[in-house]
Amino acid sequence: MIRVENLIYRYEPEAPDVLRGISLTIEEGAHTALIGPNGCGKTTLIRHLNALLLPVAGAVWVDGMKTADTASLREIRRLVGMVFQNPDSQIVGMTVEEDVAFGPGNLGLPSAEIRRRVDDCLKAVGMTGLEKRNTHTLSGGEKRLLSLAGVLAMDPRYIALDEPTAYLDPAAKQRVLDIIRRLPGEGIAIIHIAHDMRDVAGADRVLVMDQGRLLLAGTPAEVFRNAELLTSVGLDVPPGGGFK
Amino acid sequence: MIKLGQYLPGDTIVHRLDPRVKIASVVALSLLILGATTPESALVSIFLAAVVLSARLSLAQVAAALRPIVFFMALLFFVHLLFTGGKPLLSLAPLPLMITREGLAQGISVTWQFAGLVLGGAILTMTTLPSDLVAGIERLLRPLAKVGVPSQEIALMVAMALRFMPMILEEYERIRMAQMARGADFRTGSLSQRVRAVAMLAVPLLLAAFRRADELALAMEARGYRRGPRTQLRELKLAGRDLAALAVMAAFALMLFGTRAVS
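Residues numbered from 1 in each chain as written. Chains lettered and ligands numbered in written order. Predicted model: local features only at pLDDT ≥ 70, side-chain atom pairs only at ≥ 80, totals over all residues. Heavy atoms only, no water.

**Q** Got a minute to help me understand the overall build of chain B in this structure?
**A** Check the secondary structure of chain B and you find 10 helices and two strands. For chain B, the α and β elements follow one another from N to C terminus as α-α-α-α-α-β-β-α-α-α-α-α. In terms of overall size, chain B is more extended than a compact globule, its C-alpha atoms giving a radius of gyration of 24 Å where 263 residues would be expected to give roughly 18 Å. Projecting the C-alpha coordinates of chain B onto the three principal axes gives extents of approximately 65 × 60 × 40 Å. Counting all 263 residues of chain B, 37% fall into the buried class. Within chain B, contacts between residues at least 6 apart in sequence are counted, and of these 70% link residues at least 24 apart. As displayed, chain B offers around 15500 Å² of accessible surface, 72% of which is attributable to carbon and sulfur atoms. Separation of charge centres in chain B, based on 28 positive and 16 negative side chains, amounts to 3 Å. (Helix = DSSP H or I, 4+ residues; strand = E, 2+ residues; numbered from the N terminus. Rg over C-alpha atoms; globule rule 2.2 N^0.38 Å. Buried < 20%, exposed > 50% of the residue type's maximum accessible area, 1.4 Å probe, protein only. Contact = heavy atoms within 4.5 Å. Areas by Shrake-Rupley, 256 points an atom, 1.4 Å probe, with all protein chains shown as cover. Lys, Arg positive; Asp, Glu negative; His and termini not counted. Charge placed at Lys NZ, Arg CZ, Asp CG, Glu CD.)

Next up, the structure:
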């Protein structure tokens, strides 16, 4: 379980608070969608989940470990995977298989285990056969799937994704969403920043942020019932209230 | 894209050799080339030709690898041809220059050496995946880790530089287009105007590169990177063919030295 307690964050000491007292919990195997207008602090929030950012006040706990505690840093980074918005600046390897092997290599796993994970994770995202491809020549959708495979290879319990469907064509988008929706069933909790309200439909829980605060939380049906509130912060409500 | 010595996928014995063996062979060959006498250089040429053949590289591919240096080869040749003293073959009056027998010999020899060195390196990079090359360099440097050379960090840095080069080229192209769309002109105008226009590209390009480096550092941290030992997908292992190749290389070097001792 990830527990966020009264999290406050600002980028510079004199700057205004970006996160203004956020508390939430993320259960194991849950699928949480995070929505909110641009600049409301969604990305800042998820970067706290694996200690890329540390709270100015408040605390974040991952399976009982505090992110501010440097001794648990490595374990926290392994437990909470992060898929960034731009896959281009997340892919480190020259070839597909080497990129997936980057994380397990950092964990110091033996070569045979790295090979097993690379094969498993590429299969999980449907990229078997592309092992030797130069990462530069992949399509946008394939890059996104590769960055997901690279995170899966760490064997995480949670994966936070920052707008994983941005800039993708409908088919690629569907592939990414299918994988994201499958993972909670395999025991990996998903925290998913979404812009398109239709992407939220598969989530167990929707969190709505505005101006550094949590505005609403609940099942998609519960959240989309507050159409007026959502519209007032610049979000549109999907037709049919987000029901499938 | 840069075509110089770009990797050409293949499945020949040369492609399959351990990168360390190939790197060591290129170093050894380079030394032989630099120290070669005339009969030796013929032998080395035959050896290089044999490697090119067994790697199934076409003449066109070899020529493409050498094309970027043709100008320098010509320059080297003419400098040695025209400025070496000795027995005159041909006087270029009224110019105060003449072609000598020694100049001709030296020009040919130096040009051959230059071409040989570049070809050796090109065969290496054309038959070895960049990632294997980096792994090979890393493994060769690893003994130096004991004296504080961070071989794994160096290897990772080289690999990432190779990984991001095409991206930075793309970024350059994008910024150039964006500036042209807003009226920047890189093709006409005086030299100083054009230099200034290109300099205007450098600033946004550098800024973009720094921003990308920032994001990359964050992404690497998120995937558990920290300095210190890490493991690899593939640990290089010498196979029978690698030992055979090393033996061939050693035998060739010894043969050259042997002929030298006899003559």
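**Q** It is not clear to me how the interface of chain A and chain B should be interpreted in this structure. Could you clarify?
**A** Opposite the 37 residues of chain A that make contact, chain B presents 30 residues. Each partner contributes to the roughly 2900 Å² buried at the junction of chain A and chain B, and carbon and sulfur atoms together form 56% of this total. Considering only the surface of chain A that becomes buried against chain B, Met94, Phe102 and His136 of chain A emerge as the three largest contributors, covering 22% of it. Linking chain A with chain B are three salt bridges, by the criterion used here. As a salt-bridge pair, Arg77 of chain A and Glu221 of chain B come within 3.4 Å of each other at their nearest N and O atoms. For the side of chain A that touches chain B, the elements supplying multiple residues, two or more each, are helix 2 (73-79), helix 3 (96-106) and helix 4 (111-124) of chain A. With 10 residues, helix 3 of chain A is the largest single contributor of residues to the side of chain A that touches chain B. When grouped by side-chain class, the residues that make up the side of chain A that touches chain B number 14 nonpolar, 14 polar and nine charged. (Buried area = accessible area lost by both parts, 1.4 Å probe. Salt bridge = Lys/Arg side-chain N within 4 Å of Asp/Glu carboxyl O. Nonpolar A, V, L, I, M, F, W, Y, C, P; charged D, E, K, R; others polar.)

**Q** Any chance you could explain the pattern of salt bridges here in plain terms?
**A** Opposite charge on two side chains permits them to pair, given that their charged atoms come into close proximity. Using the criterion set out here, one finds 25 salt bridges over all chains in the structure. Ionic pairing is found between Asp155 of chain A and Arg157 of chain A, a salt bridge with its closest N-O pair at 3.9 Å. The exposure class of Arg157 of chain A is partly exposed, given its relative accessible area of 29%. Among the salt bridges present, the one from Arg174 of chain B reaches Glu171 of chain B, with a minimum N-O distance of 3.0 Å. Residue Arg174 of chain B and its partner Glu171 of chain B are located together in helix 8 (residues 151-181), separated by three residues, close to a single helical turn. Judged by its relative accessible area of 48%, Arg174 of chain B falls in the partly exposed class. What emerges from the salt-bridge pattern is a single network uniting Glu97, Arg115, Asp119 and Lys132 of chain A together with Asp132 and Arg234 of chain B.

**Q** Please explain the sheet that holds strand 2 (residues 19-26) of chain A as it appears in this structure.
**A** Through backbone hydrogen bonds, the strands of a sheet pair up, either in parallel or in antiparallel fashion. All names here are of chain A. With respect to topology, four strands assemble into an open sheet ordered 2-1-4-5, the strand pairing being antiparallel. Among the strands making up the open sheet, the edge pair consists of strand 2 and strand 5 (65-66). Relative to strand 2, strand 1 (residues 2-9) runs antiparallel, the two being bridged by six bridges. The residue of strand 2 that forms the bridge with Ile2 is Ile26. (Pairing = 2+ DSSP bridges.)

**Q** Please explain a nonpolar patch on the surface as it appears in this structure.
**A** Taken together, the side chains of Phe71, Phe72, Leu75, Val79 and Phe83 of chain B define a hydrophobic patch exposed on the protein surface, amounting to about 540 Å² of accessible area. By the element assignment, Phe71 of chain B lies in helix 5 (residues 70-82). (Patch = residues over 30% accessible without salt bridge, like charges linked within 9 Å, V, L, I, M, F, W, Y side chains within 5 Å.)

**Q** Even after reading the chapter, I still don't get the sheet that holds strand 8 (residues 189-193) of chain A, so can you show me in this structure?
**A** Residues and elements named next belong to chain A. Sheet architecture is open: six strands sit in the order 6-7-8-3-9-10, paired in mixed fashion. Bordering the open sheet on either side are strand 6 (80-83) and strand 10 (213-218), each of which pairs with just one other strand. On average, each strand axis in the sheet is tilted by 15° relative to the strand beside it, whichever way the strands run. With five bridges joining them, strand 7 (residues 158-162) and strand 8 adopt parallel strand pairing. Pairing of Ala160 across the sheet is with Ile191, part of strand 8. (Axes fitted to C-alpha atoms, helices over the stretch in contact; angles between N-to-C directions.)

**Q** I would appreciate a short explanation of helix 4 (residues 59-66) of chain B in the present structure.
**A** Along an α-helix, residues three or four positions apart point the same way, because every turn accommodates 3.6 residues. All names here are of chain B. The set of residues buried in helix 4 consists of Val62, Ala65 and Leu66. Mapping the buried residues of helix 4 onto a view down its axis gives an arc of 95°, with all of them on the same face. Buried positions along helix 4 lie against helix 3 (38-54), helix 5 and helix 6 (101-127). (Arc of directions from axis to C-beta.)

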